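# Secondary and tertiary structure notes
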Amino acid sequence: MSTSTTTQPAVKMVTLTINDQSVTVPKGTTVLQAALGAGIHIPTFCWHPKLKSVGACRICYVEIEKMPKLQVSCATEATDGMVVKTESDIVKRGRKAVLEFILANHPLDCPTCDKGGECDLQNLTFAHGLDDSRFDFLKRRHIVPGVPSTFDDLRIGPEIMLNRNRCILCYKCVRSNKEAFGEYDIGAFERGNAMEINAAPGEQVANPFSGNLVEICPVGALTNSDWRYKIRVWLTQTTPSIDIFNSSGSNILFYKEDHKNRIFRTISRRNDEIDDGWITDVARYGYQLVHSPDRLQKPLMKKGSKQVPVEWEEAVAFVARRLAEIDDTKGCVCIGGLASPTLDLDSLHSFSKFMRKVIGTNNLDFRIDYRSLPEKPDSAFSTLSSQPFTIAEIDTSDVIFVFGSDLVKEHPNEYLRIRKARNFGRPLVYSVNSFNVKSADVADREFIYAPGTEEVFINGLCLAAIEENPGLSGADGLKRKISPADLNSAAKTCGVSAEDLKALARTLINGKKISFIVGDQVSLSRDREVIAAALCNLNRLVGITSRGQMAALARYADSIGAEKLGLIPNPHPDVKRALTDLWGGFPEMAGYHTEGMFSQMLKGELDAMVILGANPVAMYPDHEAVAETFEKLDFLVVADLFETETTAMADVVLPLASWTEFAGRYVNLEGRIQKAERAIKPLYESKPAYAILADIAAAARKPLFSSAREREEEIEKVLACTTVRPWPGDYLDVRPPAIDKDPAYPIMLIIGDDPHHRCYVTEKAASLVKFCSDAYIELSPELAEKFKVEDGDAVRVESKYGKLMAPVKVSRVLEGDVVFLPRNFSVTRANSLVSRKARIDWVRINKVSG
Amino acid sequence: MTFYSPVITNAAEVAGSDKLHLFRYVEDANQTKIETYESHGGYGTWRKVLTTKKPDDVIAEVKASGLRGRGGAGFPTGMKWGFIPKDSPKPRYLVCNADESEPGTCKDRVIMERDPHAMIEGMAIAAYAIGCHLMFVYIRGEFGHCIETVDKALQEAYAKGHLGKNVYGSGYDLDMIVHSGGGAYICGEETALLNSLEGEKGMSRIRPPFPAIEGLYACPTIVNNVETLTTVRHIMERGAQWYRTMGTEKSPGSKIFSVSGHVKRPGNYEVELGFSLKKLIYDPQYGNGILGDKKLKGVIPGGASTPFLTPDQINVGLDFESMTSVGSMLGSGAVIVFHEDTCIVWAILKLIHFFRHESCGKCTPCREGTGWLEQIIRRIEHGGGKPGDIEKIEDICGNILGRTICPLGDAAVMPIQSAVKHWRDEWQYHIDHGKCLVPTRFEFV
């Protein structure tokens, strides 16, 4: 009813009169939205543009001709010829009455309330309220037992404080939690005027989107412990920025104290095309790592066996000299570089030019956690990952297919979009994965295929589609190229019944608009080429992209930017041509990608590495092998925000400025270029990566750019090239490789991000650590029962490659022989358990007694 | 074992009448047994309807009968059924509202306790009329014995093949679920009832969409009162023409009135609509006059949420139109009688306490307003009233009336408004003197 999205293709328009102004809106629009769209202000408390209207607070009364009573505009549909008054005497009286009711029991503790200055209740009372209260009784007070405070504050989550006295019961927190996030950890209890908001019994409000509840609270009932009692909002300045922990690039706003170089909080900056105004807790509290006391303050240089602080000049000169020496003695083929795909466009392009033009090597990459990288530039996976994808298109899709993705952890924004599509439309949603995921709660059905049978499942889907519709073109050609080539054996291998495969194939054939999302189970798989080939075949067979979109979604804030700027040894031919034109040349050598560079290092054929903002020793699969590889290097220079396992092995460590400390541009997974403005000056002596590279190049007397303008123009030209790779012209061979399984290691291990962390940096953000401070083994209730473990018990996890200990967390989602381990914590290095050579990470676990 | 509450009814009169029907067998202790019910022709109507009539014929017949909802609002039942979208692919649901919790009302309880099969049969006919294959009865949580009785009757009906798959070989499937409420007055309001039935907190939903379009699980749903659905069975048995021989032109038929308060013979009485309120209170067959032969002070004619009538207003017919014409409402038919020794402030305090306690808390005016009103009225009752309190009460009532999502807000303030209007001097005396104007206060036992 009250959706703000335009879901119908051809919408009927209606014209109504609001305050003598004629307004034309699509049918289905509420009177409130019609008024707001026409610039007419109507006060609201409980209304939220992205939630269904409930009409609870009653402040949005309007007078409508021919209706005897005042109507709540948020829940009244605009109709043709309707005559609405928003400022008549009766409306004003109605509003005053509501404000009087709300204020009757509101403590009016504005001087000590953190919401003061940005409080809806304050503002609306100022604009519309009475100047005195007729309520002459003691105000209702929700006392917190055992807390000798007059503030009655109650902690309901790691970051959320609740003051029920201030609450005006608009239920926006409960509603958004349930509707928009699918979480049930906050609720309304009791009834009538004893009603109160509180955490669900025995729970903490700690879901990955919990910060939004604070943000949409119209009063100071919910506050972040992050921001409380630190600063008044009118003493802050805001800076628009981007969430760089997420490939969608949610829009955010930083609050910084006037005249001080410190960020105080993050709130959302609603962009309906990307985030709908919801941001993850990682986006909200991630800024805190910028102010972590662990930040690198000065350049470090290894002198003897110790790294000691030095001045920038010394460090830069040393790096330039050592790189030149290695270039002279062994050649530029012996130098390689890795840059994080969370860096801005300027830094990434500077890195590309530094490696290719200044050093002259083509050994560079931005893919820092992939197991296997394509040998050929026109690989099936490159095609799949380069496909265009538009987040807002999810809203209007009628079939949404999520394949191999734990959406809440990988793409939280898209998860919320699918939820919204479900709330306001009727799409068919399918979640398909090798293990149970939280995001399947938005799915009509969840399908679990056997570990390591992604391509068999997709083959099965193709075969089912052929059975459903034998007229599909090239069916015979496809059958010759895939194995198994009959539906029943495919169904048997992947563990999804032939009937289910047929039902899925039917929806894919009949869907009018499909959004097909491919996630990490494909992108990070050893055999992702095979899986991608199967997906290409599926698209060729049923024509998904002709009726929608299908892509392996980018995982980092600037992955697409790095791809577009050609930060791989063998970029798209158009990009290569553009770079050659710009620089008057391009390294002749083929170059090695991440995996290739590591094997060259191990062979002793690559001697120096330049690493920007990446921590491969801790993040790349097979911890010991990577560490051993790095020990073989002659020279390692790493720029990062913090000391990491990788910087510990470096000859020179350079302090990197964070994304808040300079203006940078990032390309989100849709290919949308967005800017993060500079919120604060660089802390300590840190510098942006592009400045560091420019300094080194200058020290080597090979200046990178004559000016910032030149750098920007080069970036413009390179970005103008398309990097979308065409779908293959024929069906591809899909022969599933054998899955090695040792009965001694019966449990599948999934490694990924904790919902409150990203990569290796967020453990420096104090608030995020409150949600999750150390690694855990999340296991299914069945396994917990089998091993007789409960939450908090220690277990030992062992694979063929390593072992570690971690406390248990019994999952509410996982089922069967699956465990999840977050990769975000330096104390427990998840990558020590896994190997690049394995398709599935098999482990065994035992309870640690005592 | 059947729990049998000792409520007085006029079953004997009904049995002797050729028109009144709802209470015909309620004094028969075996009526809850299906054999007895069937021997009185029970389920014959359902069989006849299912095997010989089309759903539209049933709707037409009920429309023709002029039956109006017995839950309180009096909306024409047949018209309500007609709102079900004809082309919706979604399942349709019928929900019988047995959350009878309006203070003073205890009519549905008698039907469920003593003639549950009549309700089930009426529900089955209504379900067939709207094309529903799964119907629910939402019974007030406090009515534990009713839930048992209805549940037992349901099992019997299934066992005899009146419900279930392929009923009477017609190919029509019909199932029924008995659901127990959790003890909230608001769940008698149909959208809150649906929320509660879905497992949500019992809070009313904003309309539109109306339940007939998007009700239970967002599917077309009809919510009818127990008495309404039971009446449907009788209409389909004897025809709309017969039904129209009772009552008035716009309020045809008969209705059960629950007479309580200061009368000598409180009980449930089935009478034709348009029956005299005065007769209902004073006739020995019914209320038999005021307790202690005192003078009448006022009457709440339709359950606690309807405005008071004064003694000079009770010479009025008990039908929807007549009650509106004297400024009150027929409501659920709960006639609460107050005699002269009732302190009106005290009586209103009891009422507002109830409504404050039962307000669901969703929308602001009702949640905050009922609490505020209770506090003011309590202080008046306890001798702490302040000058201006009456005006404040009137103003707060005005700010609640017509401003809430569901009718609970209106229900809470309408008796207060009428009590202040009719007995303003008594309120004023209470504020000025800190005590009741009435000399001896009589309290309900």
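The name given to chain B in an unreviewed UniProt entry is NADH-quinone oxidoreductase subunit F, with the source organism recorded as candidate division GN15 bacterium. Of the comments in the UniProt record for chain B, the one headed Sequence similarities (unreviewed entry) reads "Belongs to the complex I 51 kDa subunit family."

Under the annotation held in an unreviewed UniProt entry, chain A carries the name NADH dehydrogenase (Quinone) subunit G and is attributed to candidate division GN15 bacterium. The heading Catalytic activity (unreviewed entry) in the UniProt record of chain A holds the text "a quinone + NADH + 5 H(+)(in) = a quinol + NAD(+) + 4 H(+)(out)". Under the UniProt heading Sequence similarities (unreviewed entry), the note attached to chain A is "Belongs to the complex I 75 kDa subunit family."

### Section: the packing of helix α14 (residues 487–494) of chain A against helix α15 (residues 498–510) of chain A
Residues and elements named next belong to chain A. Where α14 contacts α15, the axes come no closer than 9 Å and their chain directions differ by 105°. Relative to α15, α14 is oriented roughly perpendicular. On α15, the residues that touch Leu-487, Asn-488 and Ala-491 of α14 are Ala-498, Leu-501 and Lys-502. Residues belonging to the contact of α14 with α15 are distributed by class as follows: four nonpolar, one polar and one charged.

### Examining the pattern of salt bridges
All names here are of chain A. According to the stated counting rule, one finds 93 salt bridges over all chains in the structure shown. Between Lys-438 and Glu-183 there is a salt bridge, with the nearest N and O atoms lying 3.5 Å from each other. One end of the pair, Lys-438, is in the loop between β19 (428–433) and β20 (445–448); the other, Glu-183, is in the loop between α4 (172–180) and β8 (186–189), and 255 residues separate them in sequence. For Glu-183, a relative accessible area of 15% translates into the label buried. Across the pair Arg-836 and Glu-595 runs a salt bridge, and its minimum N-O distance is 3.2 Å. Of this pair, Arg-836 sits in the loop between β32 (818–822) and β33 (841–847) while Glu-595 is found in helix α20 (residues 594–602), placing the two residues 241 residues apart along the sequence. Just as Arg-836 is buried, Glu-595 falls in that class too. The network of salt bridges with shared partners includes Lys-50, Arg-270, Asp-272, Asp-276, Asp-395, Arg-417 and Lys-420.

### Thoughts on the packing of aromatic side chains
Two descriptors summarise a pair of aromatic rings, namely the distance from one centre to the other and the angle between the planes of the rings. One pass over the full model with this rule turns up 37 aromatic pairs over all chains. Among the aromatic residues, those joined into a ring-pair cluster are Phe401(A), Phe403(A), Tyr430(A), Phe447(A), Tyr449(A), Phe457(A) and Phe516(A). The ring of Tyr255(A) carries the charged tip of Arg265(A) above its face, separated from the ring centre by 4.2 Å. Taking NZ or CZ as reference, Arg68(B) lies 4.2 Å from the ring centre of Phe320(B), over its face.

### Some remarks on helix α19 (residues 573–583) of chain A
All names here are of chain A. Along α19, the residues classified as buried are Val-575, Ala-578, Leu-579 and Trp-583. The arc that holds the buried residues of α19, viewed along the axis, is 115°, so those residues lie on one side. Buried positions along α19 lie against α8 (345–359), α18 (559–564) and α25 (708–719). Phi turns positive one or two residues past the end of α19, at Gly-584, with a value near 70°.

### Considering the interface of chain B and chain A
Across the boundary between the two partners, chain B contributes 37 residues, which contact 37 residues of chain A. The junction of chain B with chain A conceals about 3000 Å² of combined surface from both sides, 53% of it contributed by carbon and sulfur atoms. Connecting chain B to chain A are seven salt bridges. Between Asp136(A) and Arg379(B) there is a salt bridge, and its shortest N-O distance comes to 3.1 Å.

### Remarks on the confidence of the model for chain A
Do not read the fine detail of predicted coordinates wherever pLDDT is low. On average, residues of chain A score 92 in pLDDT, and 97% of them reach the 70 mark or higher. Here residues 1–8 of chain A is a poorly scored stretch, pLDDT under 50, and it has 18 contacts once near neighbours within four places are set aside; other chains count.

### Things to note about the sheet that holds strand β30 (residues 794–798) of chain A
Residues and elements named next belong to chain A. The strand order β28-β32-β29-β31-β30-β33 describes a closed barrel built from six strands, whose pairing is mixed. Averaged over all adjacent pairs, the angle separating strand axes in this sheet is 45°, with direction ignored. In this sheet, strand β31 (residues 803–810) lies alongside strand β29 (residues 777–779) in parallel orientation, the contact comprising three bridges. Considered in β31, the bridge of Glu-778 is made with Lys-809.

### Focus: the UniProt feature "domain: 4Fe-4S His(Cys)3-ligated-type" (unreviewed entry) in chain A
As annotated in UniProt, the feature "domain: 4Fe-4S His(Cys)3-ligated-type" (unreviewed entry) corresponds to residues 90–129 of chain A in the numbering used here. Taken end to end, residues 90–129 of chain A is 60% helix and 0% strand, and its first and last C-alpha atoms sit 14 Å apart.

### Section: the nonpolar core
Grouped together as the largest cluster of nonpolar side chains are 206 residues, with contacts concentrated most on Phe354(A), Ile393(B) and Trp427(B). Per-element accounting of this core gives the leading share, 10 residues, to helix α14 (residues 344–358) of chain B. Other than its neighbours up to four places away in sequence, Ile393(B) contacts Leu373(B), Ile376(B), Ile377(B), Ile380(B), Ile416(B), Val420(B) and Trp427(B). In terms of nonpolar packing, the next biggest core, distinct from the first, is built from 64 residues, Leu67(B), Leu154(B), Leu174(B) and Val232(B) among them.

### Details of the environment of Glu455(A)
Residues and elements named next belong to chain A. Tracing the chain through its elements places Glu-455 in helix α12 (residues 454–468). Separated by 282 residues in the primary sequence, Glu-455 and Cys-173 place their C-alpha atoms 42 Å from one another. When neighbours within four sequence positions are excluded, Glu-455 is seen to be in contact with Val-530, Ile-531, Ala-534, Val-734, Pro-736, Pro-737 and Arg-839.

Thresholds, definitions, all that
- Throughout, a residue's number is its position along its own chain's written sequence, starting from 1.
- Going through the entries in the order they are written, you letter the chains from A and number the ligands from 1.
- At least 70 in pLDDT is required for a residue's local features to be given in this predicted model, at least 80 for side-chain atom pairs to be given and counted, and no such filter applies to totals for whole chains, interfaces and linings, which use all residues.
- Excluding hydrogens and water, the side-chain values take into account all heavy atoms of the structure.
- UniProt positions are given in the numbering used here, feature names are shortened, and annotations may be inferred rather than shown by experiment.
- To get an axis, fit a line to the C-alpha atoms, keeping to the stretch in contact for a helix; angles then go from 0 to 180 degrees between the N-to-C directions.
- Segments assigned H or I by DSSP are reported as helices when at least four residues long, segments assigned E as strands when at least two residues long, and all are numbered from the N terminus.
- Our angle categories are set so that under 35 degrees counts as roughly parallel, over 145 as roughly antiparallel, 65 to 115 as roughly perpendicular, and the remainder as oblique.
- Between two residues, a contact is recorded if the distance between any of their heavy atoms is within 4.5 Å.
- Just so you know the grouping, Ala, Val, Leu, Ile, Met, Phe, Trp, Tyr, Cys and Pro go in nonpolar, Asp, Glu, Lys and Arg go in charged, and all remaining residues, Gly too, go in polar.
- Basic side-chain nitrogens of Lys or Arg form a salt bridge, by our definition, when they fall within 4 Å of a carboxyl oxygen of Asp or Glu.
- Each residue's exposure class comes from its accessible area (1.4 Å probe, protein chains only) as a fraction of the maximum for that residue type: buried when under 20%, exposed when over 50%, partly exposed otherwise.
- Here a pair means two rings of Phe, Tyr or Trp (six-membered ring of Trp) with centres within 6.5 Å. Their orientation is stacked below 30 degrees between planes, edge-to-face above 60, and tilted elsewhere.
- By definition here, charges over rings are those cases where NZ of Lys or CZ of Arg is within 6 Å of the ring centre and within 35 degrees of the ring normal.
- By definition, the arc is the one covered by directions from the helix axis to the C-beta atoms.
- Take the accessible area each of two parts loses on contact, using a 1.4 Å probe, and add the two losses: that sum is the buried area.
- How sure the predictor is of each residue is captured by pLDDT, a score from 0 to 100.
- Any two strands with at least two DSSP bridges between them are considered paired.
- Nonpolar cores were defined as sets of buried Ala, Val, Leu, Ile, Met, Phe, Trp, Tyr and Cys residues, with membership established by side-chain atoms within 4.5 Å.

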